[in-house]
Number of protein chains: 2
Amino acid sequence: MVNEQAYALGTKRSCIRELFEYGRMRAAIVGADKVYDYSLGNPSIPAPKEVNETIAALLQDTDSLALHGYTSAVGDLATRQAIADDLNARYDAGVNAADLFITCGAAPGLCAVFGALAVPGGEILAIAPYFPEYRPFVESAGLTFKAVTPDVPDFQIRLDALAEAITENTQAIIVNSPNNPAGTVYSRQTLTALGALLTEKSKEFGHPIYIISDEPYRELAYDGTEVPFIPTIYKNTIVCYSYSKSLSLPGERIGYVYVPQQADDAKALLPAVAGAARSMGHVCAPSMWQKLIARCTHLRPDLESYDINRRTLYEGLVKAGYRVAKPDGAFYLFVEAPGGDAKAFSEKAKEKDLLIVPGDDFGCPGYFRLCYCVSLRQITESLPLFAELI
Amino acid sequence: MVNEQAYALGTKRSCIRELFEYGRMRAAIVGADKVYDYSLGNPSIPAPKEVNETIAALLQDTDSLALHGYTSAVGDLATRQAIADDLNARYDAGVNAADLFITCGAAPGLCAVFGALAVPGGEILAIAPYFPEYRPFVESAGLTFKAVTPDVPDFQIRLDALAEAITENTQAIIVNSPNNPAGTVYSRQTLTALGALLTEKSKEFGHPIYIISDEPYRELAYDGTEVPFIPTIYKNTIVCYSYSKSLSLPGERIGYVYVPQQADDAKALLPAVAGAARSMGHVCAPSMWQKLIARCTHLRPDLESYDINRRTLYEGLVKAGYRVAKPDGAFYLFVEAPGGDAKAFSEKAKEKDLLIVPGDDFGCPGYFRLCYCVSLRQITESLPLFAELI
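Calculation notes
Residues numbered from 1 in each chain as written. Chains lettered and ligands numbered in written order. Predicted model: local features only at pLDDT ≥ 70, side-chain atom pairs only at ≥ 80, totals over all residues. Heavy atoms only, no water. Core = buried A, V, L, I, M, F, W, Y, C linked by side-chain atoms within 4.5 Å. Buried < 20%, exposed > 50% of the residue type's maximum accessible area, 1.4 Å probe, protein only. Least-squares fit on C-alpha atoms with pLDDT ≥ 70 in both. Contact = heavy atoms within 4.5 Å. 1 Å grid on protein atoms, 1.4 Å probe; cavity = no way out; pocket = protein on both sides within 12 Å on 5 of 7 lines; lining within 4 Å. Points joined across faces, edges and corners; volume = space filled by probe spheres on them. Helix = DSSP H or I, 4+ residues; strand = E, 2+ residues; numbered from the N terminus. Nonpolar A, V, L, I, M, F, W, Y, C, P; charged D, E, K, R; others polar. Buried area = accessible area lost by both parts, 1.4 Å probe. Salt bridge = Lys/Arg side-chain N within 4 Å of Asp/Glu carboxyl O. Polar contact = N/O pair within 3.5 Å; in protein donor to acceptor, adjacent residues only side chain to side chain. Axes fitted to C-alpha atoms, helices over the stretch in contact; angles between N-to-C directions. Left-handed = near helix turned anticlockwise from the far one by under 90°. Phe/Tyr/Trp six-rings, centres within 6.5 Å; stacked < 30°, edge-to-face > 60°. Lys NZ or Arg CZ within 6 Å of the ring centre and 35° of its normal. Pairing = 2+ DSSP bridges. Patch = residues over 30% accessible without salt bridge, like charges linked within 9 Å, V, L, I, M, F, W, Y side chains within 5 Å. Areas by Shrake-Rupley, 256 points an atom, 1.4 Å probe, with all protein chains shown as cover. Parallel < 35°, antiparallel > 145°, perpendicular 65-115°, else oblique.

Trainee: Mind showing me how you'd approach the nonpolar core here?
Mentor: Nonpolar side chains tend to gather and get buried jointly when the protein is soluble and globular. Counting residues in hydrophobic clusters, the biggest one holds 80 residues, and the most contacted among them are Phe114 of chain A together with Phe114 of chain B. Residues Leu67 and Leu87 of chain A together with Leu59 and Ile83 of chain B belong to the second largest nonpolar core, which totals 59 residues.

So, in structure tokens, the structure goes:
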């Protein structure tokens, strides 16, 4: 007498979690320093020191009832204003505090957006490779999930494949740039062409086709690579942001949804996002973290150690003969599996206690993902193992 | 092209929120001290001082990556163990850490439980008067919400009405004691009789009928009134708890779901709760607050100021001629509306800037709710107004 889908979601671990648990088991046997775990995208740089300093300040200068009390469901005005100001300073984006809804991280934000867009027969497209949780989020909202063929080997967007996939039922396309798992950043050129295609298709089908921009990695770009703010390119863009990676606060669950007021249906969309969140038990995002964001939203992560990891691993792999997607953002490398079978290759690697995630669950078989939010030691010690495996 | 139910939930404010917003508007005109707002159940005693002290300690003694990082979806083991130990010390309840799922407060915990119990045609019963949000939570999970006639004027449970309401489709009964809005506590006698009825009905229909015990007010009981721990009375009880009121942390979103391992189907239920939570974007409960609970779960609120408010308001109202339900718990009084029409009475009170919530949305017309988590000054100054109104 329990819900079957919920039971299945609660028992079927993701491939990533399984590898991670296997790694912990192996670490207990052979020692943690002998397990080279590239499975989990858990930030390895600490939060900026201003974060803990700001918490200490809030404890001193803010009344307990205000600090820990309910905020409105949409979030504290000061927090929303600070986010709007920061986005406007960086992107001249015309964001208003009233366009923002503060969430417990990007995941419930995405779920609320899917819930808001859940109309009978509605479809959501994701561009492969994509974050595997999109599928259960979309399907639980009662929508159909469809993957769009990856643009190999550059991992931009195959507009021809996307154009073919869009139907009159398409409600939105999920865009995730910098990308998990590919580590690529969609260029302004790609996004402009995407916007043009969606404008055309929206006209053809007589309703807006939204971009849902899932942006937990927005601040993680290297070598000066531009990460365009998509609402300034295509007005029907809903942004789901999280401070998990930018401030290294993944466990604290704080982020936001932004619905531009110039978006078609904005007046219906934002209340629908709030209503969908309410139906899932959203009361407010954690109050103290909201107050922290009001003071810290301008902080940017210190990417130096990720960047050293990125270069070391990328250059080592290329030297060993691997083909790797251009690693411009996030903290992932996406690598072509020698022999073409990523699952088999992952199993072979596992024998050397090298834990890598095959791309199948990301909608991109034949590749594997490496999370380089690890120690530099792990990278330098494991590169010879990668060389042996090829 | 947005979801209609989500839009409706996002635009239709609750009667409580509307009153509260009206009060803020009036405060701007006549002054905050001239508005007697009894609308919102927002704790008015600050968090115990150990809470902020523990945060300060955590900032000092816990590594940033561990403090702010992802925990497992079910929650930190240390947190779950501390909660289990505390429950076992108080109730000899046989709780295991593995039976607990840490949530972002009681609301998403309830939603996850409803999601886990969502089978085709399934029904959830709530005993009037009940917290109005139960209805959208239940209906959004795809279940049918049914209210059971209130037990006037004692606000225990009318077992005859409940027995009649239970069908083969009944999945669970929501129990909320201490009760919002009635302020009553279900006695051990009531709960034992309820357990016996549900045991009989479960046998009759060939499947367990669960109690979902929504317990944000568990620690808020006065005059030594016992608040029985329901799983020790009826094994098929799922507990949804929150620290919002017990530690005055309503904005911080921390609580748990407890599924006793002796419950029928426990092996399916707990994963289904986790899966339902996952489908709504639950990643983990806020990490630092989990670590705080590991150290602070034994703390109890200092109820003195609530108790003074309770006595002052209760005695004042009774003296003025009002009939009030026995005010044993939570921070609510439930009062019979003179004349019988609570909406009309609430409008009359509004003319005196006295904001009281009619019981209609709680499934109990003819009564109104007063939240006495306010200043004592508000109570003493508003009692003469109540006397004028009767």
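Trainee: Explain the relation of the copies chain A and chain B to me, please; I cannot follow it from the model alone.
Mentor: Copies of the same chain, two in number, are related to each other by a rotation about an axis and a translation along it. Take chain A, turn it by 180°, move it 0.0 Å along the axis, and it overlays chain B with an RMSD of 0.0 Å. Here the copies are linked by what is in effect a two-fold axis. Of all interface residues in chain A, 100% are interface residues in chain B too; the two copies therefore contact each other through one and the same surface.

Trainee: I tried to follow empty space enclosed by the protein on my own but got confused; where do I start?
Mentor: To find leftover empty space, one rolls a probe the size of a water molecule over the atoms. Taken as a whole and assessed by the stated rule, the structure comprises 6 cavities of 30 Å³ or more. Approximately 320 Å³ is the volume attributed to the largest cavity. In terms of lining residues, the largest cavity is bounded by 26 residues, among which Pro108 and Met280 of chain A together with Cys104, Pro108 and Met280 of chain B are the most central. The set of elements that each furnish at least two residues to the lining of the largest cavity consists of strand E2 (100-103) and helix H6 (106-116) of chain A together with strand E2 (100-103) and helix H6 (106-116) of chain B. Class assignment of the residues belonging to the lining of the largest cavity gives a composition of 16 nonpolar, 8 polar and 2 charged.

Trainee: Mind showing me how you'd approach the interface of chain A and chain B here?
Mentor: Size of an interface: often given as the accessible area lost when the parts come together. Listed as interface residues are 71 residues of chain A and, on the opposing side, 71 residues of chain B. Surface buried jointly by chain A and chain B totals about 5,400 Å² across both partners, of which 60% is contributed by carbon and sulfur atoms. Ranking the residues of chain A by area buried against chain B places Met1, Tyr70 and Arg278 of chain A at the top, with a combined share of 15%. When the shortest N-O distance is used, the salt bridge between glutamate 133 of chain B and arginine 278 of chain A registers 2.6 Å. At the surface where chain A touches chain B, the tally comes to 28 residue pairs in polar contact (both at pLDDT 80 or more). For the side of chain A that touches chain B, the secondary structure elements donating two or more residues are helix H1 (4-11), helix H3 (49-61), helix H4 (64-68), H6, helix H7 (134-140), helix H10 (266-279) and helix H11 (287-296) of chain A. The greatest single-element share of the side of chain A that touches chain B, amounting to 10 residues, is contributed by H10 of chain A. For the side of chain A that touches chain B, the per-class residue count stands at 40 nonpolar, 22 polar and 9 charged.

Trainee: Would you explain the packing of H6 of chain A against H10 of chain A in this entry?
Mentor: The description of two packed helices rests on the angle between their axes and on the distance between the axes. All names here are of chain A. Relative orientation of the contacting elements H6 and H10 amounts to 115°, with a least axis distance of 8 Å. The two elements H6 and H10 cross, and the hand of that crossing is right-handed. On the side of H6, the interface is formed by Ala112, Val113, Gly115 and Ala116, while H10 contributes Leu269, Ala272, Val273, Ala276 and Ala277. Residues that form the contact of H6 with H10 fall into these classes: 8 nonpolar, 1 polar and no charged.

Trainee: Can you walk me through the packing of aromatic side chains in this structure?
Mentor: Any pair of aromatic rings gets described here by the distance separating the centres and the angle formed by the planes. One pass over the full model with this rule turns up 40 aromatic pairs over all chains. On the basis of an interplanar angle of 20° and a centroid distance of 5.2 Å, the ring pair of phenylalanine 345 of chain A and phenylalanine 368 of chain A is categorised as stacked. With phenylalanine 345 of chain A in helix H13 (residues 342-350) and phenylalanine 368 of chain A in strand E12 (residues 367-371), the pair connects residues that are 23 residues apart, well separated along the chain. Judged by its relative accessible area of 2%, phenylalanine 345 of chain A falls in the buried class. Ring centres 5.1 Å apart and planes at 85° place the aromatic pair phenylalanine 155 of chain B and tyrosine 367 of chain B in the edge-to-face group. Of the two residues, phenylalanine 155 of chain B is situated in the loop between strand E4 (144-148) and helix H8 (159-165) and tyrosine 367 of chain B in strand E12 (residues 367-371); the sequence distance between them amounts to 212 residues. The pair formed by phenylalanine 155 of chain B and tyrosine 367 of chain B is uniform in burial state, with each residue classed as buried. An aromatic cluster of at least three residues, connected via ring pairs, comprises Tyr38, Tyr322, Phe345, Phe368 and Phe386 of chain A. Positioned above the aromatic ring of tyrosine 22 of chain A is the side chain of lysine 350 of chain A, whose terminal nitrogen or guanidinium carbon lies 4.5 Å from the ring centre.

Trainee: Help me understand the sheet that holds E4 of chain B, please; the structure alone is not making it clear to me.
Mentor: By definition, the strands of a sheet pair up through backbone hydrogen bonds, in either a parallel or an antiparallel sense. Residue and element names in this part refer to chain B. Spatially, E2-E8-E7-E6-E5-E3-E4 is the arrangement adopted by the 7 strands of the open sheet, whose pairing is mixed. Sheet topology places E2 and E4 at the edges, where each strand pairs with a single neighbour. The average undirected angle you get between the axes of adjacent strands in this sheet is 20°. Direction of pairing for strand E3 (residues 123-127) relative to strand E5 (residues 170-175): parallel, over a ladder of 4 bridges. Paired with leucine 125 across the strands is isoleucine 173, a residue of E5. Running at roughly 115° to E2, helix H5 (residues 77-91) makes contact with E2 and strand E8 (255-258) of the sheet.

Trainee: Before we go on, may I ask you to explain the sheet that holds strand E9 (residues 332-336) of chain B in this structure?
Mentor: Residue and element names in this part refer to chain B. Reading across the sheet, the 3 strands line up as E9-E12-E11 and stay open at both edges, with antiparallel pairing between neighbours. This sheet does not close on itself; its edge strands, each paired only once, are E9 and strand E11 (357-358). The sheet contact formed by E11 and E12 spans 2 bridges and is antiparallel. Residue valine 357 lies in a different strand from E12, and its bridge partner there is arginine 369.

Trainee: Looking at this structure, how should I read unusual backbone geometry?
Mentor: Residues other than glycine predominantly adopt negative phi, and peptide bonds predominantly adopt the trans conformation. Residue proline 153 of chain A is bonded to the preceding valine 152 of chain A through a cis peptide linkage, with omega at 0°. One non-glycine residue, aspartate 265 of chain A, lies in the positive phi region at around 65°. Tracing the backbone shows aspartate 265 of chain A in the loop between strand E8 (255-258) and H10. In this structure, arginine 253 of chain B takes a positive phi of about 60° despite not being glycine. Note that arginine 253 of chain B resides in the loop between strand E7 (237-242) and E8.

Trainee: Can you walk me through a nonpolar patch on the surface in this structure?
Mentor: On the surface, a nonpolar cluster with roughly 260 Å² of combined accessible area is contributed by Met25, Ile29 and Val30 of chain A. Position of valine 30 of chain A relative to the elements: it lies in helix H2 (residues 15-30).

Trainee: Quick question: what am I supposed to make of the pattern of salt bridges here?
Mentor: Pairs may arise between side chains of opposite charge once their charged atoms sit close together. A complete count under the given rule lists 54 salt bridges over all chains for this structure. Salt-bridge contacts for lysine 146 of chain B lead to glutamate 123 of chain B; the nearest nitrogen and oxygen are separated by 3.3 Å. Of this pair, lysine 146 of chain B sits in strand E4 while glutamate 123 of chain B sits in strand E3; the two residues are 23 residues apart in sequence, bridging distant segments of the chain. Of the charged contacts, one joins glutamate 204 of chain B and lysine 201 of chain B as a salt bridge, the two residues approaching to 3.5 Å between their closest N and O atoms. Taken together, the residues span about one helical turn, with glutamate 204 of chain B and lysine 201 of chain B both in helix H9 (residues 188-205) at a distance of 3 residues. A cluster of three or more residues bridged by salt bridges with shared partners is formed by Asp86, Arg90, Glu215, Arg218, Glu219 and Arg300 of chain A.

Trainee: Help me understand the packing of helix H12 (residues 304-320) of chain B against helix H14 (residues 376-389) of chain B, please; the structure alone is not making it clear to me.
Mentor: All names here are of chain B. Following both chains from N to C, one finds H12 and H14 inclined at 10°, their axes separated by 10 Å at the closest point. Relative to H14, H12 is oriented roughly parallel. On H14, the residues touching Ile308, Asn309, Thr312, Leu313, Gly316, Leu317 and Ala320 of H12 are Leu376, Ile379, Thr380, Leu383, Phe386 and Ala387. Partitioning the contact of H12 with H14 into residue classes produces 9 nonpolar, 4 polar and no charged.

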